[in-house]
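# What the coordinates show
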Amino acid sequence: MMSEMFEYAPAPESRSAVRIEDSYGLFVDGEFVSAKRTFPTIDPATEEVLAEVAEAGAEEVDLAVAAARTAFERVWGPMSGRERAKYLYRIARIIQERSRELAVLESIDNGKPIRETRDFDLPQAAAHFFYHAGWADKLEYAGYGTTPIGVAGQIIPWNFPLLMLAWKIAPALACGNTVVLKPAETTPLTALAFADICRQAELPPGVVNIVTGGPQTGRLLVEHPGVDKIAFTGSTEVGRAIARAVVGTGKRLGLELGGKGANIVFDDAPLDQAVEGIVDSIFFNQGQVCCAGSRLLVQESVAEELLARLKERTATLRLGDPLDKNTDVGAINSAAQLARISELTASGEAEGAERWSPECALPERGFWFAPTILTGVALSHRVAREEIFGPVLSVLTFRTPAEAVEKANNTPYGLSAGVWTEKGSRILSMAQKLRAGVVWANTFNRFDPASPFGGYKESGFGREGGRQGLEAYLAQ
Ligand code: NAD
């Protein structure tokens, strides 16, 4: 799908920035410890096994929770906010110092382009630690008290592994909690590199514990009686199961779940700018973004023109080696995720949508999916209702603002939306009517640690980031 006019020379980032071990243990009480079982983590762009990683069972989860409890009671809970802040600043600075290594490692383990890990994931992860370091000694001004909850069990997905870790760990530590974090089974490596950063920062042992493993390890953590709070980011289905497991236990719960964001383009929108925003909203991170703008709602009178420009722009995207600095679209994270995207896209065609992708040669090995646009999608189609979590845009049209609002809100989710129009008054009125945790206007996918993020309805509850995000880690 590369334009015929330009042939780019490959510009790969060097893998020598990272040293991947053959095997990794769990990080418990400041030490790497082995487990009875292991599982492989692979490079989704090549299917090469990168390392064997320990799978935490009941015994290891017990040890991790006990270490977190001891650290909470003896060291981290009693420590002043001012002292805690020093550690968080130190971690933030080490993330910056080691950002090249972490960016390469994330691209290799996740499949996302180095341009994104380098320019988005890493700066954002460091920013979350800096931001929360600033809060650690000022909690009384946030208005949620200064008492930590205790031990937080945190479970994160694979789409932004290090960044989701930062979203979870930074506020928990700033508020005086200790954590046991479980990264996703397909992307454990940056969490383990973070464990090394904790050692480098001389964080007291037990304050951060990393237990790698799959759903069973997650279940063990959720059900562990020594955990005071569960913070989960992942699919709505698993979120429901966790809510059922936690109810009646007295544990606090935060859920950041899926989405089916609508990007709404009015006929007075600057179309070229909107095209850039749409491309970013659905092809960024191969569309594996909870707040992706996976539904494009375009006003009928400009639909034809917008789609023509969108296809032209999409055809210039370069798909391939995630470590190449020219790459716009990397690999899908796993074979299972690729199968889900393929099945749901095929269902869209079967239900009557028209499927378009630019001409695009996919690499022979690895998991790849070409950027895809489905036109003629109806609200009843599965592709308009279910989260696709891939580079597939469903296009619907509308005639009036009221119809746009109705269609945008006609979803079980409520995480994000985009509004493209020249009129400020329309932006404000749309933002009030859209049932979405975040509404972007004439832009998309903008994040800042100071800005709370979270959803309505089946997108979950609780907020991460900002002053509001601190509430989740304070016992009032
Ligand atoms: P997933 O729900 O399958 O897995 C998420 C994590 O939960 C993984 O670490 C997994 O091992 C663990 N897990 C799986 N089953 C479990 C169980 N029964 N008990 C405890 N833990 C369990 O989701 P995924 O496929 O890894 O991630 C994609 C999903 O995450 C998408 O739906 C996406 O929208 C959502 N997501 C949401 C946000 C947000 O902030 N709202 C951010 C990123 C991703």
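Residues numbered from 1 in each chain as written. Predicted model: local features only at pLDDT ≥ 70, side-chain atom pairs only at ≥ 80, totals over all residues. Heavy atoms only, no water.

## Some thoughts on the site of the ligand
- Close to the ligand lie 27 residues, the nearest being I156, E185, S235, L257 and E387.
- At a separation of 2.8 Å, an oxygen atom of the ligand approaches a polar backbone atom of I156.
- The side chain of R219 places a nitrogen or oxygen atom 3.3 Å from a nitrogen atom of the ligand.
- Here the ligand has 840 Å² of accessible area as a free molecule, and 92% of this is covered by the chains.
- Listed by contribution, the elements that provide at least two residues to the shell around the ligand are α7 (215-223), β9 (229-233) and α8 (236-246).
- No other element matches the three residues that α7 contributes to the shell around the ligand.
- Across the shell around the ligand, the residue classes break down as 15 nonpolar, seven polar and five charged.
- Summarising the domain contributions, the shell around the ligand has at least three residues from each of domain 1 (15-257 + 459-473) and domain 2 (262-441). (Near = heavy atom within 4 Å. Polar contact = N/O pair within 3.5 Å; in protein donor to acceptor, adjacent residues only side chain to side chain. Areas by Shrake-Rupley, 256 points an atom, 1.4 Å probe, with all protein chains shown as cover. Helix = DSSP H or I, 4+ residues; strand = E, 2+ residues; numbered from the N terminus. Nonpolar A, V, L, I, M, F, W, Y, C, P; charged D, E, K, R; others polar. Domains from an automatic or database assignment.)

## Here's the deal with the domain arrangement of the chain
- On domain assignment, one finds that the chain holds domain 1 (15-257 + 459-473) and domain 2 (262-441).
- Around 2,300 Å² of area is buried between domain 1 and domain 2 when both sides are counted, 56% of it from carbon and sulfur atoms.
- Between R115 and D328 there is a salt bridge, with its nearest N and O atoms 2.7 Å apart.
- Viewed at the interface, domain 2 and domain 1 are joined by 13 residue pairs in polar contact (both at pLDDT 80 or more).
- Here the side of domain 1 that touches domain 2 is composed, by residue class, of 11 nonpolar, nine polar and eight charged. (Buried area = accessible area lost by both parts, 1.4 Å probe. Salt bridge = Lys/Arg side-chain N within 4 Å of Asp/Glu carboxyl O.)

## Let's talk about the sheet that holds strand β12 (residues 295-299)
- Strand order in the open sheet formed by seven strands is β13-β14-β15-β12-β11-β16-β17, and the pairing between neighbours is mixed. Both outer strands of the open sheet, β13 (354-356) and β17 (438-441), are each paired with one neighbouring strand and no more. Taking each pair of neighbouring strands and ignoring which way they run, the sheet shows an average axis angle of 20°.
- Helix α10 (residues 300-314) rests against β11 (262-265), β12, β13, β14 (372-375) and β15 (392-398) of the sheet, and its axis sits at about 135° to β12. (Pairing = 2+ DSSP bridges. Axes fitted to C-alpha atoms, helices over the stretch in contact; angles between N-to-C directions. Contact = heavy atoms within 4.5 Å.)

## Let's talk about the sheet that holds strand β1 (residues 23-24)
- On the basis of which strands lie adjacent, the open sheet formed by three strands has the order β1-β5-β4 and mixed pairing. One side of each edge strand has no neighbouring strand; the edge strands of this open sheet are β1 and β4 (37-42).
- When β4 meets strand β5 (residues 49-55), the two strands line up antiparallel, connected through six bridges. Paired with T38 across the strands is A54, a residue of β5.

## Some words on the pairing of β9
- Burial analysis of β9 places five of its five residues in the buried class, which makes it a mostly covered element.
- Of the two faces of β9, the one lined by K229, A231 and T233 and the one lined by I230 and F232 are each fully buried.
- Bridging between strand β6 (residues 151-155) and β9 involves four bridges; their strand directions are parallel. When the bridges of β9 are listed, G153 appears paired with I230.
- Here β9 runs beside strand β10 (residues 252-256); their pairing, made up of five bridges, is parallel. Among the inter-strand pairings, T233 is bridged to a residue of β10, identified as E256.
- Of the crossover connections in this fold, the one passing from β9 over α8 to the parallel β10 is right-handed. (Buried < 20%, exposed > 50% of the residue type's maximum accessible area, 1.4 Å probe, protein only. Right-handed = clockwise from strand over helix to strand, strands pointing away.)

## Points about the environment of V180
- With respect to the helices, strands and loops of the structure, V180 is situated in strand β7 (residues 178-182).
- By relative accessible area, which is 0% here, V180 ends up buried.
- A sequence separation of 228 residues divides V180 from A408, and the C-alpha atoms of the two residues are 37 Å apart.
- Excluding anything up to four places from it in sequence, V180 contacts A64, V65, A68, V151, A152, G153, Q154, N209, V211 and L221.

## Considering the packing of aromatic side chains
- Counted under the stated rule, the structure contains 15 aromatic pairs.
- An angle of 75° between the planes, with centres 5.7 Å apart, marks the rings of W440 and F447 as edge-to-face.
- Among the aromatic side chains, those forming a connected cluster through ring pairs are F120, F160, W167, F284, W440, F444, F447 and F453.
- Sitting above the plane of the F266 ring, R426 keeps its charged end 4.3 Å from the centroid.
- For the cation-ring pair, R435 lies above Y456, with the distance from its terminal atom to the ring centre recorded as 4.1 Å. (Phe/Tyr/Trp six-rings, centres within 6.5 Å; stacked < 30°, edge-to-face > 60°. Lys NZ or Arg CZ within 6 Å of the ring centre and 35° of its normal.)

## Things to note about α7
- Of the residues making up α7, those classed as buried are T217, G218, L221 and V222. Around the axis of α7, the buried residues are gathered within 140° of arc, so they sit on the same side.
- Against β5, α1 (58-76), β6, β7, β9 and α8 lie the buried residues of α7. (Arc of directions from axis to C-beta.)

## Comments concerning the layout of surface pockets
- Approximately 440 Å³ is the volume attributed to the second largest pocket.
- As for the second largest pocket, its lining consists of 21 residues, and the residues nearest its centre are R115, E116, D280, F284 and R446.
- Ranked by residues supplied to the lining of the second largest pocket, first place goes to helix α9 (residues 271-283) with six residues.
- Across the lining of the second largest pocket, the residue classes tally to eight nonpolar, five polar and eight charged.
- When residues of the lining of the second largest pocket are assigned to domains, at least three map to each of domain 1 (15-257 + 459-473) and domain 2 (262-441). (1 Å grid on protein atoms, 1.4 Å probe; cavity = no way out; pocket = protein on both sides within 12 Å on 5 of 7 lines; lining within 4 Å. Points joined across faces, edges and corners; volume = space filled by probe spheres on them.)

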